[in-house]
Protein chains: 2
Amino acid sequence: MIQPVLDHLAAAQPAILARLDALLRIPSVSADPARAADMQAARTLLTARLREIGLSNVGELDGGGEPAVFGEWSGAPGRPTLLIYGHYDVQPAEPLEAWRTPPFEPTRIGDRLYARGASDVKGATTVALEVIAAYLAVTGACPVNLKVFLEGEEETGSPTLAAILERHRDRLAVDAVLSADGGRASASFPTINTGARGSGLLEFRVRTAAKELHSGRYGGSVRNALHEIAALVASLHGPHGEVAVAGFDAGAREPDPSERAATAAFPFDADAFFAEVGASPHGEPGYGARERITLRPALDLNGMWGGYTGPGGKTVIPDLASAKLSVRIVEGQHSSVVLDAVERHLRAHCPEGVELEIVSRTDGAPASTLDPAHPLVLAASTVLEREYGRPPVPVRLGASVPITAVFKARLGVDTLMFGYNLPDEDVHAPNEFFRISSIADGVRGWARLLDELGRFPASAFRTGHAGALDAPDASSDRRSA
Amino acid sequence: MIQPVLDHLAAAQPAILARLDALLRIPSVSADPARAADMQAARTLLTARLREIGLSNVGELDGGGEPAVFGEWSGAPGRPTLLIYGHYDVQPAEPLEAWRTPPFEPTRIGDRLYARGASDVKGATTVALEVIAAYLAVTGACPVNLKVFLEGEEETGSPTLAAILERHRDRLAVDAVLSADGGRASASFPTINTGARGSGLLEFRVRTAAKELHSGRYGGSVRNALHEIAALVASLHGPHGEVAVAGFDAGAREPDPSERAATAAFPFDADAFFAEVGASPHGEPGYGARERITLRPALDLNGMWGGYTGPGGKTVIPDLASAKLSVRIVEGQHSSVVLDAVERHLRAHCPEGVELEIVSRTDGAPASTLDPAHPLVLAASTVLEREYGRPPVPVRLGASVPITAVFKARLGVDTLMFGYNLPDEDVHAPNEFFRISSIADGVRGWARLLDELGRFPASAFRTGHAGALDAPDASSDRRSA
């Protein structure tokens, strides 16, 4: 049943490219209020397309911001229901002068299709829709039930995503999420994203006086807010870059041998990793660089400021200094507990005569973990092994994936990222591109993935996302560790 | 001979106030290019006044910026020649909404005359000019030779003062400088400023990568410019706030018992000093607060910044962080040597993988010291003891006085600050005022000071500013220590 679908998709390549071209020509920049009409144009184009391919209940789901585009197909009773996630908004194209081709006039150069949003993520979103279209056109059915959900605010931090999910909770009941966003690590080496670090944010400031003081009149006799914040910040890490906050890694599950083996199996060129960004390795002893960024929590200052920062000099003793920091947490941790530990450390290290204020705090996304025995992982593994000729390596992301956390929190389900963009495609930067060859790879991969997922009964997912799987190699203790 | 001058000045109070009022009405804001015509108006008023009171060679001395107003009187052969320093420019009046009376409409409320520039320093400049006028009007002569020099760029950092002094070096040959700027410490306790700390500026930055990195993708594996600059800054001071830079106080003359006694004699209310600005005491053990700010060198961060400092959060690992610092140095030190020590410390504490760059460096004013046996000090002591009924206490300033250093470097002479403004008069701030009673006190003090200085032969100064005095209590070793 799948081969005719694959043949159809192969033959449809010119039409697929034409439809992607039309979508890329719409400057749907969600951050720019002047682009509101373009955002609507993108929704109009996509809702028309969803109707055309045969979805029902097509429309916009509004949460008070840019609505999401929705459409569903539910003709596979007993089979799982998947939310197919993509987004139709793009980053601003500025700085325009850095583009070699106009950002909203898609330009093909060799295997590359240059346009804002080509890689992030109109290309992979189109791939997903085309596979659904092909199934319905060729066989009149899909292997699974589908709820297409195309967000319009991914690039502005999904401000109303939770509201949309809450408002349309019943309509969005699904067994799992399949995301066209979140790319491949490599075109030649298969990987499956099985988790991501969580995050949290903290901004604090110190005050040492009621006002800025003259460094001549007071210098040597009073505390200086910059000296104090420097001492506080310096106390957060040890000499190797390890976090020196008591209780910071409390709860963090120690990576087990299989995870360390999987991390080692990923073809990671540490020298190139650091050389590419002009940095040198620095971090917690006992772990390799890739382990440090995927399996261990981290704490980084994101910004710090105080006093006079303009041209020339101004001989002041600043009364106030501020810092923003973010934490990355791993499975087993809660950002609220970790941020509590950071707050306690700051208070414990704040000397008398210095006033510490927590300005703001965001308990961000929790770490996410996909069970290796989850049907999403099993199905993806089967597809990728066939496509690449070798079993995929499970990899965890160092970064957080907020939508994954939101889906887990609001819909109670797991997300598999199955995007086809690649790391070098200059997303968020000038001259963004998507590989045309990734379209052929992508539609084949997605067609096979839906086919594989259709072999599972819906009940496999319902057990799965509750935390315990029946599959023989499931280790349910991992999820509750 | 002096009593008729004092009587004349007492009787002239209404006229003096009227002339001060006219000067204060001119918004001579040197920092504001839109005020160029007002700057010229102030010069026109002052040159007219200098001619009116009988000075010769009256005119403007140009150094490429705002010219200084000049006039001289040289009818006292054998007597010293003094440069009478004041300035006719003022700080901007902004924020205007914070003024209770219009800043350029002088308003008398009780003993206070509110106006921008009243205290800094048109009030005391007027005092000096009125005394000269009275001497010439009443006796036809002054006790000393005079070169009036009214700067127009004091509030913008005297950018062309050195150029003016160089260009007009011959015309500005003097034995000493008497400054109307630099106020009294107290209305009830007599002090003489016998020195000031010098200063120097250094800006540096650290780089840890070629670009800003994503804290998710790199967090825990690379150095963070903010962590590194914090560690460097924290290393500059010890736990009590003492400077921890090797060689930092090299050359600093240890305060001798007489200086410590003089410092202790100054009625300094440490509790009030700190409470007034909401700060708490912190600094080098073994010294009191006032010793720390006048007799010991200091190092303060003036500004520090890096990474994301806008609203909300941005999960970046900054590649670059910057800091500005200033040093205060004391007698016996050179700012170049002290800044060398700071640079050496930073380099020694900068770990591998961190690039340190000295962005800019300003070897500022040297520390200045007036010999206690200098005729300026002896004359001022006599006057103040008579005025206050007790001998003045020599005090040193924690801040630097750039013009004092420039006069020393360019004209080779010492400066006595003999201003009559008081510390609470909100200079550089809204609602600046000058005490009307300070006009009567000031003209009496200045008349007596010129009279006392006229008792010295010019030769006493020429020896004096060379560093060795004949006076019995001179300790010439102090200056070369």
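Residues numbered from 1 in each chain as written. Chains lettered and ligands numbered in written order. Predicted model: local features only at pLDDT ≥ 70, side-chain atom pairs only at ≥ 80, totals over all residues. Heavy atoms only, no water.

Cross-referencing UniProt, the feature "domain: Peptidase M20 dimerisation" (unreviewed entry) maps to residues 200-353 of chain A in the present numbering. End C-alpha atoms of residues 200-353 of chain A are separated by 28 Å, and the span's content is 33% helix alongside 21% strand. (UniProt positions renumbered as here; feature names shortened; annotations may be inferred. Helix = DSSP H or I, 4+ residues; strand = E, 2+ residues; numbered from the N terminus.)

Right, let's get into the pairing of strand β1 (residues 56-61) of chain B. Residues and elements named next belong to chain B. Relative to strand β2 (residues 68-73), β1 is paired through 4 bridges, and the arrangement is antiparallel. From the neighbouring strand, Leu 61 faces β2, where its bridge partner is Ala 68. Between β1 and β2, which follow one another and run antiparallel, lie 6 residues, and Gly 64 among them has a positive phi close to 105°. (Pairing = 2+ DSSP bridges.)

All names here are of chain B. Evaluation of the coordinates by the stated rule reveals 20 aromatic pairs over all chains. Aromatic side chains Phe 418 and Trp 446 sit 6.2 Å apart centroid to centroid with 65° between the ring planes, which places their arrangement in the edge-to-face category. With Phe 418 in the loop between β17 (415-417) and β18 (433-435) and Trp 446 in helix α14 (residues 436-453), this residue pair connects regions lying 28 residues apart in the sequence. Classification of Phe 418 as buried rests on a relative accessible area of 5%. What makes Trp 446 buried here is its relative accessible area of 1%. (Phe/Tyr/Trp six-rings, centres within 6.5 Å; stacked < 30°, edge-to-face > 60°. Buried < 20%, exposed > 50% of the residue type's maximum accessible area, 1.4 Å probe, protein only.)

Residues and elements named next belong to chain B. Secondary-structure assignment places Arg 116 in the loop between β5 (112-114) and α4 (118-139). Side-chain polar atoms of Arg 116 contact the backbone oxygen of Pro 92, separated by 3.0 Å. Separated by 3.0 Å, the side chain of Arg 116 and the backbone oxygen of Ala 429 make a polar contact. (Polar contact = N/O pair within 3.5 Å; in protein donor to acceptor, adjacent residues only side chain to side chain.)

Take the sheet that holds strand β7 (residues 176-179) of chain B next. Residue and element names in this part refer to chain B. Strand order in this open sheet of 6 strands is β1-β2-β6-β3-β7-β17, and the pairing throughout is mixed. Looking at which strands have only one partner, the edges of the open sheet turn out to be β1 and β17. Put simply, the sheet's adjacent strands are angled 20° from each other on average, direction ignored. In this structure, β2 lies alongside strand β6 (residues 145-151), joined through 5 bridges in antiparallel fashion. Directly across from Glu 72, in β6, lies its bridge partner Lys 147. Where α14 meets the sheet, its contacts fall on β3 (81-87), β6, β7 and β17, and the angle it forms with β7 comes to roughly 170°. (Axes fitted to C-alpha atoms, helices over the stretch in contact; angles between N-to-C directions. Contact = heavy atoms within 4.5 Å.)

Attention now goes to the interface of chain B and chain A. Contacts between the two partners involve 69 residues from chain B and, on the opposite side, 69 residues from chain A. Together chain B and chain A conceal approximately 5,000 Å² of surface at their shared face, both sides included; 57% is due to carbon and sulfur atoms. In terms of surface lost to chain A, no three residues of chain B exceed Val 277, His 282 and Met 304 of chain B, which account for 12% of the buried area on that side. Put simply, chain B and chain A have 0 salt bridges between them. For the interface between chain B and chain A, the tally reads 34 residue pairs in polar contact (both at pLDDT 80 or more). No other element matches strand β11 (residues 298-307) of chain B, which puts 10 residues into the side of chain B that touches chain A. Residue composition of the side of chain B that touches chain A, by class: 30 nonpolar, 26 polar and 13 charged. Of the pairings in the sheet, the one linking strand β11 (residues 298-307) of chain A to β11 of chain B comprises 5 bridges and is antiparallel in character. Its bridge partner being in β11 of chain B, Gly 307 of chain A is matched across the sheet by Gly 303 of chain B. (Buried area = accessible area lost by both parts, 1.4 Å probe. Salt bridge = Lys/Arg side-chain N within 4 Å of Asp/Glu carboxyl O. Nonpolar A, V, L, I, M, F, W, Y, C, P; charged D, E, K, R; others polar.)

To continue, consider the pattern of salt bridges. Residues and elements named next belong to chain A. Inspection of the entire model under this criterion finds 64 salt bridges over all chains. Ionic pairing is found between Arg 296 and Glu 254, a salt bridge with its closest N-O pair at 4.0 Å. One end of the pair, Arg 296, is in the loop between α10 (289-294) and β11; the other, Glu 254, is in the loop between α7 (225-234) and α8 (257-265), with 42 residues separating them in the sequence. By relative accessible area, which is 3% here, Arg 296 ends up buried. Residue Glu 254 is classed as partly exposed on the basis of its relative accessible area of 44%.

Residues and elements named next belong to chain A. Where helix α1 (residues 2-11) contacts helix α4 (residues 118-139), the two axes come as close as 9 Å, and the packing angle between them is 120°. The angle between the axes of α1 and α4 places the two elements in the oblique class. Once α1 is placed against α4, the crossing between them reads as right-handed. On α4, the residues that touch Ile 2, Pro 4, Val 5, His 8 and Leu 9 of α1 are Glu 130, Val 131, Ala 134, Tyr 135, Ala 137, Val 138 and Thr 139. (Parallel < 35°, antiparallel > 145°, perpendicular 65-115°, else oblique. Left-handed = near helix turned anticlockwise from the far one by under 90°.)

In this section: the domain arrangement of chain A. All names here are of chain A. Taken domain by domain, chain A consists of domain 1 (2-195 + 367-461) and domain 2 (198-252 + 297-362). Here domain 1 and domain 2 have C-alpha centroids that lie 40 Å from each other. Tallying the contact residues gives 7 residues for domain 1 and 6 residues for domain 2. Of the roughly 430 Å² buried where domain 1 meets domain 2, counting both sides, 40% is carbon and sulfur surface. When residues of domain 1 are sorted by the area they lose upon contact with domain 2, Ala 367, Thr 369 and Ser 400 head the list and together hold 81% of the total. Linking domain 1 with domain 2 are 0 salt bridges, by the criterion used here. The interface formed by domain 1 and domain 2 contains 3 residue pairs in polar contact (both at pLDDT 80 or more). The residue inventory of the side of domain 1 that touches domain 2, partitioned by class, reads 2 nonpolar, 4 polar and 1 charged. (Domains from an automatic or database assignment.)

Before going further, it helps to spend a moment on the nonpolar core. Among the nonpolar cores identified, the biggest contains 70 residues, and Leu 178 and Trp 446 of chain A are the most heavily contacted of them. Broken down by element, this core gets its largest block of residues, 12 residues, from α4 of chain A. Look past the residues within four positions of Trp 446 of chain A in its chain and what remains in contact with it is Ile 84, Val 127, Ala 128, Val 131, Leu 178, Ser 179, Ala 180, Phe 418 and Tyr 420 of chain A. Counting residues in hydrophobic clusters, the runner-up holds 68 residues, among them Leu 6, Leu 416, Phe 434 and Leu 449 of chain B. (Core = buried A, V, L, I, M, F, W, Y, C linked by side-chain atoms within 4.5 Å.)

To continue, consider unusual backbone geometry. In this model, Glu 94 of chain A is joined to Pro 95 of chain A through a cis peptide bond whose omega is 0°. Checked against the element boundaries, Pro 95 of chain A lands in the loop between β3 (81-87) and β4 (107-109). In this model, Asp 426 of chain A sits at a positive phi of 50°, which is unusual for a non-glycine residue. Position of Asp 426 of chain A relative to the elements: it lies in the loop between β17 (415-417) and β18 (433-435). In this structure Asp 426 of chain A comes out as partly exposed when scored by relative accessible area, which is 36%. Of note in the backbone geometry, Ser 158 of chain B takes a positive phi value of approximately 50° without being a glycine. Along the polypeptide, Ser 158 of chain B turns up in the loop between β6 and α5 (161-167). By relative accessible area, which is 16% here, Ser 158 of chain B ends up buried.

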